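# An overview of the molecular structure
One letter stands for each residue in the lines below.
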Amino acid sequence: MHTTRTVPARPVLLIALTSALLLTPNSATADPEPPTRESAGDQGPARTPESAALRALTAPTTGFTDTARGYPREQVLTPDPVNPADKSVRLGLTPYHAIAPKLNALQRLGDRVSVEIAGRSAGGHRLYLVTVTAPETAAQTRAQERMRELIENAPAAAAKSKEIKAGYKAPVFFNNNIHGNEWEGTDASLKIVEQLATATDTRTKDLLAHSRLYFNITANPDGRIAGTRANANGFDLNRDFVTASQPEVRAMRQIEIDKQPAVMLDLHGYVNGTLIEPTTPPHGENYEYDLFLKNTYANALGMEAAVNGLGFTPAKDGVEPAQIPFRDQEEGWDDWPPIFTPQYAAFHGTVAAHTVEIPLAVNNSLYDSLSAEELRRRSAVNTDVAGAAIRSTLNFVRSNRTSLIADQIEVFRRGAAGADQVPVSEETVPGVPGIGPEDVYTTDFPRAYVIPAGTTDTAAARLVDHLLANDVRVTRATRELGLGGRTYAKGSYVVDMRQPKRGLANVLLADGRDISDKVSVMYDISGWSLGRLWGARVDPVRSGRLVGAPLRPVRTAADVGRVAAPRGDLLLRLTDPQEIAALNSLLRQGVPVRRSADGSAIVPASARAKAMVTARTYDVVFDATRQTGTAELRRTRVAAAVTPGELFALREMDFEVVPVSTAVLNAGFDWSSVDVLFVSAGLDRDALTSGARTALDAFLGAGHGLVGRGTIGAELSAATGLLAAKPVEGNGDANGVVRVVSSGPVTAGAPGSPDAGFVYTPVWFTDLGPGVRVEQSYAAGNPLVSGHWRSLPDGSGGPAAAAGQPSVVSGPQAVLFGTEPLFRDHPKGEFAQVGRALFTMAHASSG
């Protein structure tokens with residue numbers, strides 16, 4: 001369990017705040033709540049509908065490309081059916097079905113409010129982006145867009161532009177309700193929009209003449225309606241920004257790219273007193289952190305004064321004074337991973353970005369245990385607190401527009417010029433108290449990254465398209481290229497690190513950093529690397545000249561899918577999740593596929609036409625082969641007691657999946673409908689009824705296989721006598737990218753970087769019985785590449801204890817993973833290991 005350790009505050013700089021709030025807040029009262037800390041782990045078991053996964057996997061990413069129209073951009077929204085079960089109702093807040101009518105009414109108030117559809121959620125609900133600004137003609141809107149592009153694409157020129165300094169509207173982004181059961185940001189934003197739509201005072205007119213205010217009204221309508229933290233796929237959207245697996249996150253990403261906000265708030269709950277970022281160390285090493293800290297801390301002080309100025313007290317209302325972790329805590333609330341909305345926003349030029357945790361809990365067990373009256377009282381307080389934070393931020397933007405835009409330009413200028421980062425210090429960030437060496441995080445950017453041609457092309461194309469979707473610039477060699485002492489073939493991709501968003505490019509491609517010695521605990525994941533984990537080879541190049549190199553920009557990765565020569569059988573390597581999905585598609589069509597000696601799939605020549613369609617659909621390669629194959633591969637139906645992220649990954653690989661759990665099995669389950677069992681969460685054999693336990697044991701006793709992850713999977717294997725292996729759990733706070741050595745048929749042959757894996761509470765196996773094969777082991781020495789992994793106080797559970805130990809083991813009827821091969825869409829290069837394990841175990845009963 002991750003915890004926040006509160007320590008004596010850093011020295012506080014007292015600043016007189018003289019600017020008045022733009023709008024006058026309402027008052028409210030509340031009861032005390034203890035400080036809370038959200039759990040970073042996935043919650044299981046997953047029971048999400050297949051339709052949500054399909055929607056997430058197929059939803060297009062759409063940008064806001066209509067720059068020819070001015071503002072306002074009004075539209076009449078079709079109302080949603082009234083839903084009395086919407087969890088917002090009991091809190092006295094705005095249910096999702098009331099948002100469209102409310103937005104229609106707001107647009108009718110004047111000419112300042114516009115509504116656009118930013119996308120749809122995994123559950124199919126519309127995502128509303130509201131823009132509030134002074135009216136613009138089409139010509140004025142085109143001028144704003146031209147200035148926005150100049151800021152990113154020619155920052156040195158933008159820094160000198162008198163037009164930008166005088167006339168560019170500062171973009172400000174308010175993101176609400178990303179956690180569905182943290183509701184009140186939505187209601188606070190709706191109130192602010194209504195007030196801004198009609199206010200006639202000079203300050204409001206000045207604000208709207210010099211800024212555009214963007215409100216993502218509810219980032220997670222699925223969760224808002226259901227009263228859940230996650231969306232309809234069971235994903236915590238505020239953990240998804242590195243991989244953007246969910247449509248809601250892709251919509252937010254596109255807002256960041258297209259609107260390029262200088263300032264943003266992400267409104268959350270619940271921490272009492274109100275928690276206002278900036279955060280404690282460690283700080284993301286790829287930021288231009290001096291600019292980020294300067295502005296984020298200054299805005300935090302204003303929000304703190306505004307929230308405390310509402311007059312709520314612990315004795316009267318149960319509301320503690322606001323806190324700023326950078327000033328008030330030593331560690332435990334870090335901004336290291338860019339999986340969080342504000343941390344991700346920083347790489348798109350946001351120089352003041354905050355998570356704001358409003359104070360009074362109304363969710364989870366309290367939602368049912370507290371009276372409706374008390375819940376509504378708390379929600380009213382929270383709405384006022386969120387409103388105060390928004391209003392204070394509007395004041396901050398109005399007072400500091402010129403310097404905020406200048407700092408955004410400087411972020412992009414440093415990236416484009418390849419300039420050094422500026423370490424934070426009392427001299428470089430004057431006025432921010434308590435800066436010490438613990439706050440200094442910088443990195444050494446390479447000159448470029450190269451994704452070589454001809455190696456793991458499917459994985460390389462996926463990675464390139466992901467970089468492009470994140471607004472990272474990628475080029476491709478038009479002929480053979482020499483760089484960094486190596487020669488790369490024509491078609492290799494090159495990411496020049498002298499580009500405006502170099503920080504984001506490095507976040508996605510670098511190995512990362514081992515920060516185990518920096519702090520005692522991390523809030524969430526501290527190691528990630530799509531270069532290591534997505535299956536494509538990525539070479540950092542430290543030196544070399546790119547000017548004049550044979551490179552052309554690309555807007556999309558080149559198609560990979562192809563089928564070899566026109567006659568003979570075909571070989572499909574099962575080393576990538578798209579290849580697993582392609583195989584499952586062929587099996588669903590009844591193609592008779594056989595398994596080769598190395599675990600690949602042999603497709604008969606008679607199915608060439610279907611293979612050609614499949615190659616194009618999944619962007620995979622079918623090679624020619626003379627192998628005849630061994631056992632026939634069949635459609636594999638998986639019973640899965642797994643986390644939401646794992647269920648999503650299985651569906652991404654096009655397995656037929658039936659989610660199960662202890663409750664599902666106790667209710668009676670037809671085991672004849674599935675071929676193999678995958679267990680990592682939510683299935684406790686001891687909690688099964690005698691009948692359910694007998695049915696489970698009979699399924700496994702008949703020779704059907706088990707794929708297990710972590711201690712839960714291993715415990716089921718031991719209880720049913722499938723595999724003699726003792727799981728050892730390492731430090732529960734550990735996570736990151738690890739070096740592994742693959743040696744068995746399930747794990748060997750993985751693409752790109754087969755020496756990398758991911759762990760989140762690492763597990764290894766000892767006391768292996770006869771017939772147990774070691775498929776994969778943690779590397780010798782220190783296996784951690786990047787992340788945070790310490791030994792426990794007694795010296796156990798650390799990376800030294802895991803070094804050389806088996807991380808994946810197998811036998812005739814079970815495969816057990818101690819790593820996290822399907823974690824939150826991060827280790828796509830490992831997905832195929834699970835696919836191969838499922839195929840192997842599904843065919844265990846038939847030999």
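Scroll up for the structure.
Residues numbered from 1 in each chain as written. Predicted model: local features only at pLDDT ≥ 70, side-chain atom pairs only at ≥ 80, totals over all residues. Heavy atoms only, no water.

## Structural notes on the overall build of the protein
Within the protein, the regular secondary structure consists of 26 helices and 36 strands. Its C-alpha radius of gyration of 27 Å places the protein within 12% of the 29 Å reference for a compact globule of 847 residues. Principal-axis analysis of the C-alpha atoms places the extent of the protein at approximately 80 × 70 × 55 Å. The proportion of buried residues among the 847 residues of the protein is 62%. Here the protein has roughly 29300 Å² of accessible surface; of this, 52% comes from carbon and sulfur atoms. Separation of charge centres in the protein, based on 84 positive and 91 negative side chains, amounts to 7 Å. (Helix = DSSP H or I, 4+ residues; strand = E, 2+ residues; numbered from the N terminus. Rg over C-alpha atoms; globule rule 2.2 N^0.38 Å. Buried < 20%, exposed > 50% of the residue type's maximum accessible area, 1.4 Å probe, protein only. Areas by Shrake-Rupley, 256 points an atom, 1.4 Å probe, with all protein chains shown as cover. Lys, Arg positive; Asp, Glu negative; His and termini not counted. Charge placed at Lys NZ, Arg CZ, Asp CG, Glu CD.)

## Focus: the sheet that holds strand 13 (residues 475-477)
Pairing is antiparallel in the open sheet, where 5 strands are placed in the order 17-12-16-13-18. Looking at which strands have only one partner, the edges of the open sheet turn out to be strand 17 (539-541) and strand 18 (551-553). Along the sheet, successive strands turn relative to each other by an average axial angle of 30 degrees, direction set aside. Where strand 12 (residues 448-451) and strand 16 (residues 493-496) come together, 4 bridges link them in antiparallel fashion. Looking at the pairing, Val-450 lines up with Val-494 of strand 16. (Pairing = 2+ DSSP bridges. Axes fitted to C-alpha atoms, helices over the stretch in contact; angles between N-to-C directions.)

## Some details on the packing of helix 19 (residues 577-588) against helix 26 (residues 828-842)
Packing of helix 19 against helix 26 brings their axes to within 7 Å, and their N-to-C directions diverge by 35 degrees. Of the residues in helix 26, those touching helix 19 at Pro-577, Ile-580, Leu-583, Asn-584 and Leu-587 are Lys-828, Phe-831, Ala-832, Gly-835, Arg-836 and Phe-839. Of the residues assigned to the contact of helix 19 with helix 26, the class counts are 7 nonpolar, 2 polar and 2 charged. (Contact = heavy atoms within 4.5 Å. Nonpolar A, V, L, I, M, F, W, Y, C, P; charged D, E, K, R; others polar.)

## Concerning the packing of aromatic side chains
All told, the structure shown has 20 aromatic pairs when counted by the stated rule. On the numbers, 4.9 Å between centres and 25 degrees between planes, the contact of Phe-758 with Phe-823 is stacked. Here the residue Phe-758 occupies a position in strand 31 (residues 756-760), and Phe-823 occupies one in the loop between strand 36 (814-817) and helix 26, the gap between them amounting to 65 residues. Judged by its relative accessible area of 0%, Phe-758 falls in the buried class. (Phe/Tyr/Trp six-rings, centres within 6.5 Å; stacked < 30°, edge-to-face > 60°.)

## Quick notes on the packing of helix 2 (residues 96-107) against helix 6 (residues 184-198)
Following both chains from N to C, one finds helix 2 and helix 6 inclined at 15 degrees, their axes separated by 10 Å at the closest point. One way to sum up the angle between helix 2 and helix 6 is to call them roughly parallel. Considering only the axes of helix 2 and helix 6, their crossing is left-handed. For the pair formed by helix 2 and helix 6, the contact residues are Ile-99, Lys-102, Leu-103 and Leu-106 on the first element and Thr-186, Leu-190, Val-193 and Glu-194 on the second. Of the residues belonging to the contact of helix 2 with helix 6, the class tally is 5 nonpolar, 1 polar and 2 charged. (Parallel < 35°, antiparallel > 145°, perpendicular 65-115°, else oblique. Left-handed = near helix turned anticlockwise from the far one by under 90°.)

## Quick word on helix 6
For helix 6, with 15 residues, the first-to-last C-alpha span of 22 Å sits near the 21 Å given by 1.5 Å per residue. The element helix 6 is extensively covered by neighbouring structure, given that 11 of its 15 residues are classed as buried. Turning to helix 6, its buried residues number three or more, namely Glu-184, Gly-185, Thr-186, Asp-187, Ala-188, Ser-189, Leu-190, Ile-192, Val-193, Leu-196 and Ala-197. (Expected span 1.5 Å × (residues − 1).)

## Examining the nonpolar core
In terms of nonpolar packing, the biggest core is built from 159 residues, with Leu-103 and Phe-215 touching the most fellow members. Here this core gets 15 residues from one element, more than from any other, and that element is helix 15 (residues 372-417). Setting aside anything within four residues of it in sequence, one finds Leu-103 in contact with Leu-77, Val-115, Tyr-128, Val-130, Leu-190 and Ile-217. (Core = buried A, V, L, I, M, F, W, Y, C linked by side-chain atoms within 4.5 Å.)

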